[in-house]
Amino acid sequence: MTDTHHAALLVAERITRRFGGLLANQDVCLTLERGKLHALLGPNGAGKSTCINMLSGDLPPSSGQIRYQGRDITGLTAAQRSQVGIGRSYQRTNIFPKFTVLENVRLAAQSRRQQPWRIFSQAMKQQWAIDKALACIDEAGLAGRAERTAGILSHGEQRQLEIAMVLATDAQVLLLDEPLAGMGSDESARMVEVLRRLRETRAILLVEHDMDAVFAVADTITVMVNGQVLESGPPAQIKASIAVQEAYLGQEDTFHV
Amino acid sequence: MRYDLVLKLAAVGGLALVPLSGADFYTELIAKTLVLAIFAMSLDLLVGYTGLVSLGHAAYFGIAAYTVALMSPKYEAASLWLTMPAAVGAAALAALVIGVFVLRTKGIYFIMVTLAFAQMAFYAFHDTPLGGGSDGIYVNMKPTAEIAGFMPFDLDNPTHLYYFILAMLVLVYLFVGRVLQSPFGRVLVGIKSNEHRMQSLGYVTFRYKLAAFALAGGLGGIAGYLYAVVFGFVTPELLSWHQSGNVLLMVILGGMGNLVGAIAGAFAFVAMQEVFSAWTKHWQLAMGLVIVAAVLFLPGGLSAIPARIKRALQGGSAND
């Protein structure tokens, strides 16, 4: 099989993950294209986190293949995938709480040009890394917060900080695990705006529970149930799908659309 | 403005006055303390800045001490400029090799495996004739600083030796401080804060930790080298887990992740050892109690005291 679409950046081909006897993901196929936001939906325990962990390299698949721009990257570690151009944010805020916002993002930027042997150079004199960090802080909507300590930011700002860190690594594919979780409606709306802007030049996979947000920004939606893909297609198709409605019937997570 | 710089210069100035007092006992005691302070700083690079709690740091101290002892001929002085790089290099190399294995583990396992390797090094010297077995060996002649017929200083002279050690302390302090400002140092601090995040940002953290481990081993080797030169005698005890535990206590006592704290911790440790052992032969019991109290009531160690005093003076309101 070949990557049919020109803009396809990341392709997952029948990836499967077993935990002992449990099939957490079974033959999941996903394609992330530049300029498109692909949302991953499903009830708790559907296997969304397992899927994103396999794509980011945090968890090796039991079988299947992951390709980035046509190149097989299934065996790469998380650090190697970051170097290729895949960045991720985490469901539970994963930052350096005692560092400033700038230092959080500067460290991310520095990862693109590592010169560990230059132990007498000064990190704060690497202007390129600082400039890039400041640009990414702006892009994630955190302008003016650079000198704040990351740990005392509001929850929503910390989620934005995560995005800024991913951007500073020049990631072409953004794997975002519930970036809107725990956000108020204002914060949420701002984040959706940020996502819209980021999508223009990159490929985004969005794992999210907030249905309104998902249907507002997604170009493609994949619904997972019990570790398998139930349905995948444009929002209108998902909305009309009987299978999806049945899967969600009786769940607390029913669609409100 | 540069209040802390003035304090530091005053401290170095004060230490520089010690040999002028003519009290040889105290000069040697403080020389020994300065050596231990270098040792504590080297461990703090791992424990306080990289988040790697090593319980086997004495191995590198001891390997460097044995290197100078084994390199010194019986009836003449070896060259300082040869033995010191060799000793430090041997310690760093040992740390590099051991690091490849121990850094595959984490947390409590890391503590145990570093201890296990240090014990192996201990027994390598204790149970083989290589370094005189359990009796150890003498360094009969202190290394000479002579270079091409010119003798800049003489380590046989206790005052020169004292200033040499003080200079090494300042150099190691400046060196580690500078390294921590570098992109490399920032990565180490990032690893301590959140290693998983560093990996997902594209850092192969194993390599950074290995470099830090070797660097700390080499710096610990400087301390071990100086120790052998000061005392003219090395025994396997230098590599024992007591020694590893003591230096860890100095770092904890001083406050992890603070170089001045590591130095203060070494001074506090030696002072307590002196005071309590003059009182009672059960001095380790008294010292244990003080350390427990310090951990309970002064979580940031000695280095947290200035900030506490400042807070108290400002009525406990401001924190800067």
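Along every chain, residues carry numbers that run from 1 in the direction the sequence is written. Chain letters and ligand numbers both follow the written order, the letters beginning at A and the numbers at 1. For a predicted model such as this one, the threshold for reporting local features is a pLDDT of at least 70, and the threshold for listing and counting side-chain atom pairs is 80 or more; totals across whole chains, interfaces and linings nevertheless cover every residue. Neither water nor hydrogens contribute to the side-chain values; these are computed over all heavy atoms in the structure.

K.L.:
Whenever I open this one, the overall build of chain A confuses me. Can you help?
P.N.:
For chain A, the helix and strand inventory stands at nine helices and 10 strands. We compute the radius of gyration over the C-alpha atoms and compare it with the globule rule, which gives 2.2 Å times the number of residues raised to the power 0.38. Its C-alpha atoms give chain A a radius of gyration of 18 Å, near enough to 18 Å, the size a compact globule of 257 residues would have. Counting only C-alpha atoms and orienting by the principal axes, one finds that chain A spans roughly 60 × 40 × 35 Å. Sorting the 257 residues of chain A into buried and exposed places 54% on the buried side. Accessible surface area values rest on a Shrake-Rupley calculation with a 1.4 Å probe, where residue burial reflects the displayed protein chains alone. In the form shown here, chain A has an accessible surface area of approximately 11100 Å², with 50% of it arising from carbon and sulfur atoms. In chain A, which carries 27 positive and 28 negative side-chain charges, the distance between the mean positions of the two groups comes to 8 Å. Helix and strand assignments come from DSSP, with helices taken as H or I runs of at least 4 residues and strands as E runs of at least 2, each series counted from the N terminus. Think of it in three bands: residues with accessible area under 20% of the maximum for their type are buried, residues over 50% are exposed, and the middle band is partly exposed, with areas taken using a 1.4 Å probe on protein chains only. Charged-residue counts in this description rest on Lys and Arg as positive and Asp and Glu as negative, His and the chain ends being excluded. In plain terms, the charge of a residue is placed at NZ if it is Lys, CZ if Arg, CG if Asp and CD if Glu.

K.L.:
Where do I start with the side chain of A:Gln160 in this structure?
P.N.:
Residue and element names in this part refer to chain A. Topologically, Gln 160 is positioned in helix H5 (residues 155–168). Given the relative accessible area of 4%, Gln 160 is considered buried. The contact criterion used is simple: two residues touch if any of their non-hydrogen atoms lie within 4.5 Å. Apart from residues no more than four positions distant in its own chain, Gln 160 is found in contact with Ala 140, Gly 141, Leu 142, Arg 190 and Met 191.

K.L.:
Help me understand the domain arrangement of chain A, please; the structure alone is not making it clear to me.
P.N.:
Residues and elements named next belong to chain A. For the purposes of this description, domain bounds are those given by an automatic or database domain assignment. With domains assigned, chain A is organised as domain 1 (1–85 + 173–187 + 200–257) and domain 2 (96–171). Contact residues are listed per partner, giving 14 residues for domain 1 and 13 residues for domain 2. Two parts placed together each lose some accessible area under a 1.4 Å probe, and adding up what both lose gives the buried area. Both sides of the domain 1 and domain 2 interface together cover about 1000 Å² of buried area, and 47% of this is carbon and sulfur. Three residues, Gln 83, Leu 174 and Arg 202, lead the burial of domain 1 against domain 2; their summed loss comes to 38% of the area buried on that side. A pairing counts as a salt bridge when a side-chain nitrogen of Lys or Arg comes within 4 Å of a carboxyl oxygen of Asp or Glu. For the interface between domain 1 and domain 2, the tally reads one salt bridge. Salt-bridge contacts for Glu 139 lead to Arg 202; the nearest nitrogen and oxygen are separated by 3.6 Å. For the purposes of these results, a polar contact is taken to be a pair of N or O atoms within 3.5 Å, where, inside protein, one atom must be able to donate a hydrogen and its partner to accept one; residues adjacent in sequence count only when each atom of the pair is a side-chain atom. Counting across the domain 1 and domain 2 interface gives six residue pairs in polar contact (both at pLDDT 80 or more). Elements with a minimum of two residues in the side of domain 1 that touches domain 2: helix H2 (78–84) and strand S7 (173–177). Considering each element in turn, the side of domain 1 that touches domain 2 owes the most residues, four residues, to S7.

K.L.:
Teacher, can you tell me more about the pattern of salt bridges here?
P.N.:
For side chains of opposite charge, pairing can occur when their charged atoms come near one another. Residues and elements named next belong to chain A. Within this structure, the stated rule accounts for 15 salt bridges over all chains. We note a salt bridge from Arg 14 to Asp 27, for which the minimum N-O separation is 3.4 Å. Of the two residues, Arg 14 sits in strand S1 (residues 8–19) while Asp 27 sits in strand S2 (residues 22–33), which places them 13 residues apart along the sequence. Look at Arg 14 and you get partly exposed, because its relative accessible area is 47%. The salt bridge partner of Asp 177 is Arg 88, with a shortest N-O separation of 3.5 Å.

K.L.:
What is the right way to read unusual backbone geometry from this model?
P.N.:
Comment: phi is negative for the bulk of residues other than glycine, and the bulk of peptide bonds are trans. One non-glycine residue with positive phi stands out, namely A:Asp170, at about 65 degrees. Here A:Asp170 is to be found in the loop between H5 and S7. For B:Ala148, which is not glycine, the phi dihedral falls at a positive 50 degrees. Looking at the secondary structure, you find B:Ala148 in the loop between strand S1 (137–138) and helix H6 (158–181).

K.L.:
Hey, could you run me through the interface of chain A and chain B in this one?
P.N.:
It is common to give the size of an interface as the accessible area lost on bringing the parts into contact. Every contact between the two is made by 32 residues of chain A and, on the other side, 23 residues of chain B. Looking only at chain A, the three residues that lose the most surface to chain B are A:Phe96, A:Ile119 and A:Phe120, adding up to 23% of its buried area. Across the contact surface, chain A and chain B share two salt bridges. Across the pair B:Arg197 and A:Glu162 runs a salt bridge whose closest N-O atoms are separated by 3.2 Å. Here chain A and chain B share 23 residue pairs in polar contact (both at pLDDT 80 or more) between them. Top contributing element to the side of chain A that touches chain B by residue count: helix H3 (residues 101–110) of chain A, with five residues. Any residue outside Ala, Val, Leu, Ile, Met, Phe, Trp, Tyr, Cys, Pro, Asp, Glu, Lys and Arg is labelled polar, Gly included; the first ten of those are nonpolar and the last four are charged. Its residues assigned to classes, the side of chain A that touches chain B shows 15 nonpolar, 10 polar and seven charged.

K.L.:
I'm lost on the side chain of B:Ser240 in this one. Help?
P.N.:
Relative to the helices and strands, B:Ser240 is located in the loop between strand S2 (233–234) and helix H9 (241–254). Setting aside residues up to four positions removed in sequence, B:Ser240 forms contacts with B:Ala58, B:Gln119 and B:Phe122.

K.L.:
What am I meant to see in the sheet that holds S2(A) here?
P.N.:
The strands that make up a sheet are held in pairs by hydrogen bonds between backbone atoms, and each pair lies either parallel or antiparallel. Residues and elements named next belong to chain A. Within the open sheet, the four strands sit side by side as S2-S1-S4-S5. Their pairing is antiparallel. Strands at the two margins of the open sheet, each flanked by one partner only, are S2 and strand S5 (71–72). As paired strands, S1 and S2 are joined by eight bridges and run antiparallel to one another. Counted as the bridge partner of Leu 10 is Leu 32 from S2. The strands touched by helix H1 (residues 48–56) are S1, S2 and strand S4 (63–68); relative to S1, the strand with the most contacts, the crossing angle is about 120 degrees. Note: two strands are recorded as paired if DSSP finds a minimum of 2 bridges between them. Every axis in this analysis is a line fitted to C-alpha atoms, fitted for helices over the stretch in contact. Angles between the N-to-C directions lie between 0 and 180 degrees.

K.L.:
It is not clear to me how a nonpolar patch on the surface should be interpreted in this structure. Could you clarify?
P.N.:
All names here are of chain B. Exposure above 30% relative accessible area and no salt bridge define the residues that can form patches, which grow by joining like charges within 9 Å and nonpolar side chains of Val, Leu, Ile, Met, Phe, Trp and Tyr within 5 Å. A surface patch of nonpolar side chains, amounting to about 370 Å² of accessible area, comprises Leu 93, Leu 96, Val 97 and Phe 101. Structurally, Leu 96 is set in helix H4 (residues 80–102). Residue Leu 96 is classed as partly exposed on the basis of its relative accessible area of 35%.

K.L.:
Just checking my understanding: could you explain the sheet that holds strand S8 (residues 203–207) of chain A for this structure?
P.N.:
All names here are of chain A. Taken together, six strands build an open sheet; the order of strands is S6-S7-S8-S3-S9-S10 and the sheet is mixed. Pairing within the sheet leaves two strands with one partner each, and these edge strands are strand S6 (86–89) and strand S10 (228–233). Between one strand axis and the next, the sheet turns through 15 degrees on average, direction left out of account. Strands strand S3 (37–41), S6, S7, S8 and strand S9 (220–225) of the sheet are contacted by H1, whose axis makes an angle of about 150 degrees with S7. Lying over the sheet, helix H6 (residues 185–199) contacts S3, S7 and S8, oriented at roughly 150 degrees with respect to S8.

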